[in-house]
Amino acid sequence: QVQLMESGGGLVQPGGSLRLSCAASGSIFSIKQMGWYRQAPGKQRELVAVIITTEGTNYADSVKGRFTISRDNAKNTVYLQMNSLKPEDTALYYCTADVSTGGPYFYRRWGQGTQVTVSS
């Protein structure tokens, strides 16, 4: 079993910052890609940012220049630094990790989500 635990969400004013964290635990042999998705009420879930061990990072156009994804491989943890937050960033943010438990295949795991609300 692999679990992802997110933290760091909350209420922030427009222009403010938040840092999300997500720690993976359990029967982990290797993690290839880690990332963040979000889903706002009435909208589809969308990619925010991903970080891959050998290929770098990828961001949604809407967050480029404002958000930064990073990871600590020793801790199996991924972070999302969110700056210059806008009301349209309000959503439930989900962490993902593509995990191998020992075989050649990687399976995507999802966290439970952490709420980010940007409002004055």
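In this report, we go over the structure that sits alongside the text.

Calculation criteria
Residues numbered from 1 in each chain as written. Predicted model: local features only at pLDDT ≥ 70, side-chain atom pairs only at ≥ 80, totals over all residues. Heavy atoms only, no water. Helix = DSSP H or I, 4+ residues; strand = E, 2+ residues; numbered from the N terminus. Buried < 20%, exposed > 50% of the residue type's maximum accessible area, 1.4 Å probe, protein only. Contact = heavy atoms within 4.5 Å. Disulfide = S-S within 2.5 Å. Polar contact = N/O pair within 3.5 Å; in protein donor to acceptor, adjacent residues only side chain to side chain. Pairing = 2+ DSSP bridges. Axes fitted to C-alpha atoms, helices over the stretch in contact; angles between N-to-C directions. Phe/Tyr/Trp six-rings, centres within 6.5 Å; stacked < 30°, edge-to-face > 60°.

1. As for the environment of glycine 16
Right, so step 1: Within the secondary structure, glycine 16 is located in the loop between β2 (10-12) and β3 (18-26).
Right, so step 2: A residue is classified by how much of its surface remains accessible, and glycine 16, at 18% relative accessible area, is buried.
Right, so step 3: In this structure the C-alpha to C-alpha distance between glycine 16 and asparagine 83, which are 67 residues apart in sequence, comes to 6.2 Å.
Right, so step 4: Ignoring anything within four residues of it in the chain, the contact list for glycine 16 reads Met82, Asn83, Ser84 and Leu85.

2. Description of the environment of leucine 47
Right, so step 1: Summarising the element assignment, leucine 47 is placed in strand β5 (residues 46-52).
Right, so step 2: Along the sequence, leucine 47 and arginine 66 sit 19 residues apart, while their C-alpha atoms lie 15 Å from each other.
Right, so step 3: Excluding anything up to four places from it in sequence, leucine 47 contacts Trp36, Tyr37, Asn58 and Ala60.

3. Thoughts on the state of the cysteines
Right, so step 1: Scanning the model with the defined rule gives one disulfide in all.
Right, so step 2: The disulfide bridge from cysteine 22 ends at cysteine 95, spanning 2.0 Å between sulfur atoms. Looking along the S-S bond of the cysteine 22-cysteine 95 disulfide, the torsion reads about -80°, which is the left-handed sense. With a gap of 73 residues between them, cysteine 22 in strand β3 and cysteine 95 in strand β9 (residues 91-100) connect regions that are remote in the sequence. Assigned by exposure class, cysteine 22 and cysteine 95 land together as buried.

4. Digging into the side chain of threonine 77
Right, so step 1: Along the chain, the position of threonine 77 falls in strand β8 (residues 77-82).
Right, so step 2: At 2.9 Å, the side chain of threonine 77 and the backbone oxygen of lysine 75 are in polar contact.
Right, so step 3: Excluding anything up to four places from it in sequence, threonine 77 contacts Cys22, Ala23, Met34, Ser70, Arg71 and Asp72.

5. Quick look at the sheet that holds β3
Right, so step 1: Within the open sheet, the four strands sit side by side as β1-β3-β8-β7. Their pairing is antiparallel. The sheet is open, and its two edges are formed by β1 (2-7) and β7 (67-72), each paired on a single side. Taken pair by pair, the neighbouring strands of this sheet meet at an average axis angle of 15°, ignoring direction.
Right, so step 2: Where β7 and β8 come together, six bridges link them in antiparallel fashion. Across the sheet, residue arginine 71 finds its bridge partner in β8, namely valine 78.

6. Things to note about the packing of aromatic side chains
Right, so step 1: With the rule as written, the count across this model stands at two aromatic pairs.
Right, so step 2: Seen from their ring centres, tyrosine 37 and tryptophan 110 are 5.1 Å apart, and the 55° between their planes marks the pair as tilted. Taken as a pair, tyrosine 37 in strand β4 (residues 30-39) and tryptophan 110 in strand β10 (residues 107-110) lie far apart in primary sequence, 73 residues in all.
Right, so step 3: On the basis of relative accessibility, which here comes to 15%, the residue tyrosine 37 falls in the buried class.
Right, so step 4: Centre to centre, the rings of tyrosine 94 and tryptophan 110 are 6.3 Å apart; their planes meet at 75°, and the pair counts as edge-to-face. Placement of tyrosine 94 in strand β9 and of tryptophan 110 in strand β10 is noted, with a sequence separation of 16 residues between them.
Right, so step 5: Since its relative accessible area comes to 11%, tyrosine 94 is described here as buried.
Right, so step 6: For tryptophan 110, a relative accessible area of 35% puts it in the partly exposed group.

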